[in-house]
Every structure is written in structure tokens, then in C-alpha cells.
Amino acid sequence: MNISEYIQLLFTDYTLRTITIGTAILGAVCGMLGSFAVLRKQSLLGDAISHAALPGIAIAFLITGTKDTNILLIGALISGLLGAFWIRQITSKTHLKSDTALGLILSIFFGVGMMLLTFIQKMPNANQAGLDKFLFGQAATLLAKDVWTLGIVSSICLVIVFTFWKEFKILLFDEAYAKTLGFNTQRIDAIITSFIVLAIILGLQTVGVVLMSAMLLAPAAAARQWTNKLSVMVFLAAIFGMFSGIFGTAISASQSNLSTGPVIVLVASVFVVFSFIFSPNRGILFKQIRLSQNRKDLQLNKTLQFMFEIVKTHKNISHPHTIKILNNFQGYTKRTLKKLEDKKYIEVNGQMWSMTKEGYHFSANLYNQDTSQNND
Amino acid sequence: MTSAQIEIQIIAALVAMACAIPGVFLVLRKMALITDAISHSILPGIVIGFFITQDLNSPWLILLASLTGVLTVFLVERIQKSGLVKEDTAIGLVFPALFSIGVLLIAKNANDIHLDIDAVLLGEIAFAPFDRIFWNGIDFGPKSLWIILSILVVNLSLLLFFFKELKLSTFDKGLSTALGFSPVVVHYGLMTMASVTTVGAFDAVGAILVVALMIAPAAAAYMLTNDLKKMLLLAVCFGALSAILGYWLAYFLDASIAGSITSVLGLVFLSVYLFAPHKGILSILYRNKQQQIEVSLITFLLHLNNHDEKSERHIKHLNEHINWHKVKSKKVVELAQKNNMIRIENEYISLTEKGKSFTDLAINYIITNDDSKIESIKEDFFLFRG
């Protein structure tokens, strides 16, 4: 199946369209809220909460006996919030550190959830099949009604983020200042955290408990590399998340046996790797290029300084010298000589070189940083 | 009990014990979440290893998968050092990606591979007794029993041989570096130990529950003691106990063994969390309350010491002037009387000799800014605490 066929299919096939819209919305809202999680250093809280949601799903099923997604997700929401609350209590009341608290809640809640799920599976009135879709998510089970829920909740998130933009921003970057301005930081904190929990719960059906945290983190971490501005970061993260959803769905639909959740996570990871390497300011590639550029410049300056030391002893600064005397200096190569000539700091004439006036002035001020008028 | 049941319990207990040892150090080093990363990201290692060896219990597979675990740790550290993202984000980015690769590899090759997603999450300890070692026709017991036993023995001997290094580098990195123990070697040694143990336990309890086996016993033990040796011992005991109780819970509920073991671990932690003698929540609450009353008592005694005039020493005065509730003032007065600090005559309160000397000492400490010493003189003067 080639791309144009797929796009055509996207417009004609109802199921595919529903799923694509659903994952796109989910990716966008996760990216948006994930930005806050990443900047608040709560990245792994998402992981813990998504795992902690599992027993809620099982218990909601045990109590109501329905498989209605919304009811199950409310159960997930309650147990997710419970997990988040307990994590906070452990770190504030005992001497256990936050990493232990996170790992503890994550694994124990998940374990209880798994025990309940296996218990449910063995129950006699078994219409329970499909509960384990929450483990890795099954985008294929998204119905139009689920997409509507997703859309409505996402719009609410969007409105909230716009309304409290200034409060969120100030809390992120300067909590103490926010307090002195009279903002109720605890309440703002609670709002952000509960919306992050909400985003996680929304993603459970599509991406699943196990991989949900990546959905939250990856677009935001990728967006972070391209900008230092919060608004741009949130916007970019939403875009990255959306395209992870769309591409992930497309890839998993085009092959058999590829579950959507892991594919979406992998696409998002590709965004992250790409951003890590190629972002102009923070990326590894350009950083490395800048580093070697600086190193070369330093080498060049060292050669120039060495020449300056020789020239200094002569009355006529343009007095030619042989290239040979540079031989026992490390930084010198034919290329650096050529470069210096290009910059008009020296003139090379056969086997001889001489320093220009410009070069003399530049190298005289090399280490007192007064190179402005000669530096290009 | 059938012999298979006994074997499962032994394997579970051994797994829990083997996990508890590196778990204690990870919790103390604030690296508990790295177990989460390792346990997820060894999955592609296991799957690829399985393609090569076709045997889940092959030592080569364990080696390969452990290598993936160490690689994860390395990758996480590289990302952290690059400064592109914060530490926790680095962990959160690496393991889902690797885990996804593993899941997709399994899903793509579902027909040729004897691993399914449920086994990844829950392990298949229930089937462990069926894969046995026969040598010269003699039954030597389940394979996984021998594997986990050897991992436990290796962990124990590493612990015994390098106890001093581990302890020192855990609690004082600077000193251990100054004394010439390379922190990098100890760190990666520990990480390798954690990876190998995780891979060994993976088969039995699955990816996520390994995390519980590593962290929960250590965290529970840490609530009870500050002594490293005791903590190790307690953690191992908690682990083994939960494993065996968890098996029986699973037996009665007909649910997953690994899930039940984790649930029991959760219960163990919860009860320690609530009831631990010094650091438990209830004990903290009790202590807070005790301290509240005692602070009130000291305030009250100091007040008496300050005022000779009768109007300030009337028993009704407590309610009116110091603004305490009736219940609270009654409690404070009773406590003071029990401790023989005050005397009540005609509804007027005065300090006894003992009360006088206590308040004089306390004032002395307060004006010399030695407030903390009041805590120790409480021990000397109070027969009954708040």
C-alpha cells in the first residue's frame, strides 16, 4: 500500500479515520500537558500514575460488571489519583525518597491490578475479555463516541491551559515569586497535576498502561530541544504528539501484527532522537560542530600568537620569515597557514611568511579580548 | 502440597531474596527507578537472545539480556550528561522505546516465538516446574530453580566480598573515591548485578513486578532500621515471606502468582508504613501529638514561673488568658500534676520545688539559645510523657 492509497483510505474508511483522529487528538493533548510535566521534573510521576490506574479499571469492572470505557476510566482516574496522593504522602512524611516512592507505588499498584485482572479472567460469568486491552492499548477499539469524549476533554484542557497560562508559567519557572505575588501555588499545582493525570487516563485505551508515560514525555522532550519559549514548546509538543499519533496509526495499520501503542511510542522516540541530534541550538550534531570550530579557532590563534612572538622582536613587522621556523610548533599545518592568509593576517610568499598590520594588531590584542575591530 | 507447588514456592522465595539484595543498595542510592528502566528494556535483549538460542533458560540469553540492561543504564547516563533533558526524563524516554521494540518483536514473530505479552508482564512461574534438567536420566529439578539459585549465590558472594566497598560508596561517595575505590566500577558492578538479577527474575515474575521485588522489601526494611546489615537481612526476609504468602493467595484466588506476590509485598509495606515503631505514619502522628502537649506544658510552667500574682495563677485563667480549650487545659494540668510539677491550693496553682527547678533550667537554656537541650531534660524530669 503506498502513501496516496493510504490517504485515500483514510478518507473513505470510517474505522481508520476514527482511529487516526483519536490518536492525533490524544497525541496533541498529551504533548501539551506533557510539556508541563517535563518542565516540572515530574516525568516519572506519569509512569507511576499510569501503572497505578490499572487496579482502578479492574475494581470498576468488578463492581459494575460493565465494560463501558467511560466507567472503567473513572475507576482508573480514582486509583491514579490515589496513587499520586500516596506518593506525595510517602515523600513528605517518611524519609523514603521520591524515586523509591514512585517505584513502589508503580509496581505495587500494577501488581494488584494484574492479580485482579487474572482473577477476573477466571471468573465464571466471563464477559471480561478486553480488559487487558488497557495494558498495551488497542487503538482499534476506539469508537466514534470515545473520540468525542477525547475531543471534549481535550478542549476543556485547552481552555484551562489558556485561562491559567500566566499562573502555570510563573509556577513553572519561579514558584517562590508566584507565592510572593499572592498566587495560591498549591491550588495551581493541584490543577496541573490533575490535568496530567487526566491526560494519562485518556491515553490508557489507546496506548496502554505500560507505555503511556512515553506518550507524555517524548513529544515534550523533543519540543524542548527546539526552543526556550514555553508557548512555542507547548505548541511544538502538541504538533509532535499529533504526528506521532497519525504516523503511528498509519504504520501499524499498514502492517499486520503491529499494535498501535508501541508503534506510536516508537514514532515519538524517533522525534526525540531527531531533535536531540539535529536541533540547531541544543542538538548534539551542531554542538559538536561548534565545539570543533572553537577548537580550530583556538589552534589558529595559537599559531598566530607564536608568529606574533617572533615578529615582536623585529622592528619591521612585515619582515618575512621562513615557514620552517614554525615546524616545531604543534598547531601549525599548511591549512592553518592558508586560513590565516585568507583572513589577511599574514602574507605567504614562497617559503617565507610575513605578518600584515592587521594581523599584528589582532594578535597583539588576542588575549585581552579587544579583537572587535579585526574579528570577522 | 504437591512437589510442583513446593518447587514454585522455593523458586519464588529465591527470586525475591536475590532481588532484595541489589534492591537495598538501589533504594539507598536513590536509584530505585533505574530498576524500572532495566526491567523494561531487557525485553528486546531477551527476545533477540531467544531468536538466537531458542531457549529461555540459556545462560547466553541471560548474558545478552543483562548486557541490554547495562546498556540502558549507560544510555540514560549519557543522555543525562548531555544536559538535553533532566535526569528523570532521560529514564522515561529510554525504557519505553526499548520496551516497545521488544513488544513489537514479539508481536511480529508471534508464531515462531514461545513468548507472549502476558508472560512478559507476569512471568510464568507456574510453568517453571515443567522445564526440568535431566542428566544421565536423573531428574535434577526445574531449570529456573538452578538459574535463580546461582544468581542468588553470586549476589550473596559479591555482597560478602565487596560489602565494605558497597557500603562506603553508597553512603560517602567522596570518601570512597578518596580512598581509591573507583565509584564507576562499583556503580557499574552494582548495575550489572541488578541487570543479571532482573533477567533471572524476569522469567518468573515478569517485567514490572521485578521492580516491586527489588524496591518494596528494601523500602519496608528501611522504614524499620538504619543499620545496613539489618536492612539487608530484613529485606531478604520480607521478600521470601511475601513470595510464599503470595503463592498461597494466588492459589486461593486462582489468580496470577506474580501479581499476588506483589500484592502481599504491598500489604507488607503498607503495614510497615503505618505501624513502624519510629518512622511509621502512626508513630509520627503520635509523636507530633505528644510534642504538642509537652510544648503546651512547658509554656504553662514557664508562665507560672513568670507570675507571682494570684490573678495569673487561678485555674480558670488557663482557659481565659492562654486561650486553650477546656479539654486541652485539663490535660495539661493533669500531666503537670502527675509529674509533680505543680500544686493546686484553693484553685490557685503554684510550682513545686521540682517544677521550679525544671523551669529555671528551661529558661536558662532558652536564653542561651540552647533550645534543643530542653528535649533531654524532659527525659530527666518527666515521669509521664504527653
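Residues numbered from 1 in each chain as written. Chains lettered and ligands numbered in written order. Predicted model: local features only at pLDDT ≥ 70, side-chain atom pairs only at ≥ 80, totals over all residues. Heavy atoms only, no water.

A.B. asks: Honestly, the overall build of chain A in this entry has me stumped. Any pointers?
C.D. replies: Each helix and strand counted, chain A has 16 helices and three strands in total. Its C-alpha atoms give chain A a radius of gyration of 30 Å, clearly above 21 Å, the size a compact globule of 376 residues would have. Over its C-alpha atoms, taken along the principal directions, chain A stretches across nearly 100 × 60 × 35 Å. Counting over 376 residues, chain A shows a buried share of 52%. Relative to all contacts within chain A whose residues are 6 or more apart in sequence, the contacts with residues 24 or more apart total 68%. For chain A, the accessible surface area stands at approximately 17900 Å², while carbon and sulfur atoms represent 62% of it. Chain A carries 32 positive and 19 negative side-chain charges, and their two centres are separated by 4 Å. (Helix = DSSP H or I, 4+ residues; strand = E, 2+ residues; numbered from the N terminus. Rg over C-alpha atoms; globule rule 2.2 N^0.38 Å. Buried < 20%, exposed > 50% of the residue type's maximum accessible area, 1.4 Å probe, protein only. Contact = heavy atoms within 4.5 Å. Areas by Shrake-Rupley, 256 points an atom, 1.4 Å probe, with all protein chains shown as cover. Lys, Arg positive; Asp, Glu negative; His and termini not counted. Charge placed at Lys NZ, Arg CZ, Asp CG, Glu CD.)

A.B. asks: What exactly am I supposed to notice about the overall build of chain B here?
C.D. replies: What chain B contains, in helices and strands, is 17 helices and four strands. When its C-alpha atoms are laid out on the principal axes, chain B stretches across 95 × 50 × 35 Å. Classification of the 386 residues of chain B by burial places 55% in the buried group. A total of about 17900 Å² of accessible surface is found on chain B, and carbon and sulfur atoms cover 64% of it. Separation of charge centres in chain B, based on 30 positive and 32 negative side chains, amounts to 7 Å.

A.B. asks: Which parts of the structure should I look at to understand the interface of chain A and chain B?
C.D. replies: Many descriptions give the size of an interface as the accessible area lost when the pieces come together. Taken together, the contact between chain A and chain B spans 56 residues of the former and 58 residues of the latter. Taken over both partners, the interface formed by chain A and chain B buries close to 4800 Å², and the fraction arising from carbon and sulfur atoms is 75%. Considering only the surface of chain A that becomes buried against chain B, Leu44, His95 and Met115 of chain A emerge as the three largest contributors, covering 12% of it. At the junction of chain A with chain B, the criterion picks out zero salt bridges. Broken down by secondary-structure element, the contributors of at least two residues to the side of chain A that touches chain B are α3 (43-64), α4 (69-93), α5 (98-121), α6 (133-136), α11 (212-224), α13 (260-278) and α14 (284-312) of chain A. Examining the composition of the side of chain A that touches chain B, we find that 15 residues originate from one element, α5 of chain A, more than from any other. By residue class, the composition of the side of chain A that touches chain B is 30 nonpolar, 18 polar and eight charged. (Buried area = accessible area lost by both parts, 1.4 Å probe. Salt bridge = Lys/Arg side-chain N within 4 Å of Asp/Glu carboxyl O. Nonpolar A, V, L, I, M, F, W, Y, C, P; charged D, E, K, R; others polar.)

A.B. asks: Would you mind showing me how to read the domain arrangement of chain B here?
C.D. replies: Split into domains, chain B comes out as domain 1 (3-210) and domain 2 (282-381). Spacing between the C-alpha centres of domain 1 of chain B and domain 2 of chain B amounts to 58 Å. (Domains from an automatic or database assignment.)

A.B. asks: How should I be thinking about a nonpolar patch on the surface in this particular structure?
C.D. replies: Residue and element names in this part refer to chain A. Together, Trp226, Phe274, Phe278, Leu285, Phe286 and Ile289 give the surface a local cluster of nonpolar side chains, amounting to about 510 Å² of exposed area. Mapped by element, the contributors of at least two residues to the nonpolar patch are α13 and α14. Ranked by residues supplied to the nonpolar patch, first place goes to α14 with three residues. The topology assignment puts Phe278 in helix α13. For Phe278, a relative accessible area of 36% translates into the label partly exposed. (Patch = residues over 30% accessible without salt bridge, like charges linked within 9 Å, V, L, I, M, F, W, Y side chains within 5 Å.)

A.B. asks: Help me understand the packing of aromatic side chains, please; the structure alone is not making it clear to me.
C.D. replies: Each aromatic ring pair is characterised by the separation of its centres together with the angle its planes make. Residues and elements named next belong to chain A. Following the criterion strictly, the structure yields 18 aromatic pairs over all chains and no others. Consider the rings of Phe36 and Trp165, whose centres lie 6.5 Å apart with planes at 75 degrees: the pair is edge-to-face. You can see Phe36 sitting in helix α2 (residues 14-39) and its partner Trp165 sitting in helix α8 (residues 165-173), a full 129 residues away along the chain. Taken together, a centroid distance of 5.2 Å and an interplanar angle of 50 degrees make the contact between Phe308 and Tyr360 tilted. Within this pair, whereas Phe308 is found in helix α14, its partner Tyr360 is found in helix α16 (residues 357-364), the two being separated by 52 residues in sequence. Given the relative accessible area of 8%, Phe308 is considered buried. Its relative accessible area of 25% is what places Tyr360 among the partly exposed residues. Among the aromatic residues, those joined into a ring-pair cluster are Phe36, Phe164, Trp165 and Phe168. (Phe/Tyr/Trp six-rings, centres within 6.5 Å; stacked < 30°, edge-to-face > 60°.)

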